[in-house]
Amino acid sequence: MPAMMNVLIVRTSSMGDLIHTWPALTELVRHYPNLRISWLAEENFADIARLHPAVSQVITLAWRRWRKGLLANSTWNEMKTMQKSLHGTKWDWVIDSQGLLKSAIPARLAGGPLAGFNWKSVREPLACLLYNKTYSVSRELSAIDRNRALFAQIFGYQVEGAAKFGIQPGLRLSWLPVDNYAVLLHATSRSSKEWSEANWIDLGRQLQDQHGLKLLIPWGSDAEHTRAQRLSVQLPGSMVAPRLALDEAASLLGHASAVIGVDTGLTHLANALDVPLVALYTDTDPRLTGVIETEAAINLGGIGKNPSVKQVLDALASRRGAA
């Protein structure tokens with residue numbers, strides 16, 4: 001094997017999907033420390049790729065923005081800039097772990113040998129037409145284990161042991177409470193995955209009164225900010241977090257005494273940071289997209305299920321005691 005190999009990981013979006021790739025990357029560089037890892041990601045999620053210490057370079061694309069203005073000169077200029085960045089390195093391997101046409105096309109543009117899931121394993125079979133080498137990975141595995149299996153087959157090693165995300169929270173933000181605090185991750189991508197405001201208020205009051213925890217309530221959009229403010233009014237002494245960059249969110253979560261979150265990227269980030277965590281599912285299957293259950297983390301609920309406040313408190317007590 002050459003002294004140094006250049007590998008491009010293509011996983012463009014969304015936050016949780018990028019986070020689900022970290023354990024595979026951690027395992028890969030443990031077996032092959034001579035790899036120089038680059039990552040192609042959507043501009044809005046580039047900071048997630050940068051959080052992993054094995055990533056030397058992040059190349060960004062902006063398909064979500066470009067597709068709204070495909071006829072604009074600025075769009076084509078940005079596409080050319082991305083392609084120039086991709087061609088600036090001779091890739092020994094390009095790995096499309098997303099398995100979609102929107103990831104396979106830019107992965108192909110990179111110019112190196114391209115590997116991905118085979119047609120039975122991939123999310124969009126047409127993407128396989130662009131791959132030089134394909135690998136079979138069960139679709140019954142979790143997203144994390146699918147990535148680990150793909151990387152292991154490409155580089156010829158065995159998947160072993162528990163998944164390790166390989167990141168750290170960084171320095172504690174200066175505005176965080178001195179006392180122990182819990183983070184309430186109430187915001188998610190669609191209403192069917194939400195937990196009711198009444199539940200959040202009941203939970204928050206019990207965390208304050210029975211466990212003495214300060215409460216931090218983050219948000220991402222204007223609608224989420226409005227809901228965070230409503231929750232904070234009902235939870236005196238709680239704090240609505242300022243708008244956070246992703247590295248700041250990692251600090252907020254990584255120094256928390258407890259995190260309770262719905263099915264959202266920040267919940268998976270908390271899982272990666274190994275903090276006491278209860279992940280709530282009401283419209284998705286945690287067996288496939290849930291957090292990795294550990295001494296610190298647990299999934300509750302599922303499709304058509306709505307965890308109770310008591311279930312959350314009981315689950316958190318077991319995780320806080322073990323952490």
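See the structure shown above.
Now for a quick tour of the structure. (Residues numbered from 1 in each chain as written. Predicted model: local features only at pLDDT ≥ 70, side-chain atom pairs only at ≥ 80, totals over all residues. Heavy atoms only, no water.)

For the rest of this paragraph, the subject is the overall build of the chain. A tally of helices and strands in the chain yields 13 helices and 12 strands. For the chain, whose C-alpha radius of gyration is 20 Å, the value lies close to the compact-globule estimate of 20 Å for 323 residues. Referenced to the eigenvectors of the C-alpha coordinate spread, the extents of the chain come out at roughly 60 × 45 × 40 Å. Accessible surface for the chain amounts to roughly 14,700 Å². Of this, 51% is attributable to carbon and sulfur atoms. (Helix = DSSP H or I, 4+ residues; strand = E, 2+ residues; numbered from the N terminus. Rg over C-alpha atoms; globule rule 2.2 N^0.38 Å. Areas by Shrake-Rupley, 256 points an atom, 1.4 Å probe, with all protein chains shown as cover.)

This brings us to the packing of aromatic side chains. Scanning all chains against the criterion turns up 3 aromatic pairs. Ring centres of Y32 and F155 lie 5.9 Å apart, and the angle between their planes is 45 degrees; this geometry places the pair in the tilted category. Here Y32 is found in the loop between α2 (22-31) and β2 (35-42), whereas its partner F155 is found in helix α7 (residues 143-155), with 123 residues between them in sequence. Comparing Y32 with F155 shows no difference in burial state: the two are buried. Pairing Y32 with Y157 gives two aromatic rings, centres 6.4 Å apart and planes at 55 degrees, and the pair type is tilted. (Phe/Tyr/Trp six-rings, centres within 6.5 Å; stacked < 30°, edge-to-face > 60°. Buried < 20%, exposed > 50% of the residue type's maximum accessible area, 1.4 Å probe, protein only.)

In this section: the packing of α2 against α7. Contact geometry of α2 with α7 gives a least axis separation of 8 Å together with a crossing angle of 30 degrees. Taken together, the axes of α2 and α7 are roughly parallel relative to one another. In this structure, α2 meets α7 at a crossing whose hand is right-handed. Of the residues in α7, those touching α2 at P23, A24, L25, E27 and L28 are I144, N147, R148, F151 and F155. The residue makeup of the contact of α2 with α7, split by class, is 7 nonpolar, 1 polar and 2 charged. (Axes fitted to C-alpha atoms, helices over the stretch in contact; angles between N-to-C directions. Parallel < 35°, antiparallel > 145°, perpendicular 65-115°, else oblique. Left-handed = near helix turned anticlockwise from the far one by under 90°. Contact = heavy atoms within 4.5 Å. Nonpolar A, V, L, I, M, F, W, Y, C, P; charged D, E, K, R; others polar.)

Pairing is parallel in the open sheet, where 6 strands are placed in the order β9-β8-β7-β10-β11-β12. In this open sheet, the two edge strands, each paired with only one partner strand, are β9 (239-240) and β12 (297-301). As defined by bridge partners, strand β8 (residues 214-217) adjoins β9 across 2 bridges and the pair is classed as parallel. What sits directly across from L216, in β9, is M239. The strands touched by helix α11 (residues 265-272) within the sheet are β7 (181-185), β10 (258-262), β11 (277-281) and β12, with β11 carrying the most contacts at an inclination of about 150 degrees. (Pairing = 2+ DSSP bridges.)

Moving on: unusual backbone geometry. Of note, the bond from S13 into S14 is cis; its omega dihedral lies within 30 degrees of zero at -10 degrees. As for its placement among the helices and strands, S14 is situated in the loop between β1 (5-10) and α1 (15-19). The backbone of D274 sits at a positive phi, close to 60 degrees, despite the residue not being glycine. Note on placement: D274 falls in the loop between α11 and β11.

Next up on the list: the sheet that holds strand β6 (residues 133-135). Overall, parallel pairing links the 6 strands, which are arranged β3-β2-β1-β4-β5-β6 in an open sheet. Two strands bound the open sheet, and with one partner strand each, they are β3 (55-61) and β6. Adjacent strand axes in the sheet meet at a mean angle of 25 degrees when their direction is disregarded. On top of the sheet, helix α5 (residues 73-87) reaches β1, β2 and β3; it is set at about 155 degrees to β3, its chief contact. Lying on the sheet, helix α6 (residues 101-109) is in contact with β1, β2, β3, β4 (93-96) and β5 (114-117); it crosses β4 at an angle near 175 degrees.

So, on to α7. Over its 13 residues, α7 runs 19 Å from end to end, which matches the ideal 18 Å to within 8%, given 1.5 Å per residue. Among the 13 residues of α7, 11 are classified as buried, and the element is accordingly described as predominantly covered. Buried within α7 are the following residues: A143, I144, R146, N147, R148, A149, L150, F151, A152, I154 and F155. Looking one or two residues past α7, G156 carries a phi angle of roughly 75 degrees, positive in sign. (Expected span 1.5 Å × (residues − 1).)

Functional significance is not addressed by these values, which are geometric in nature.
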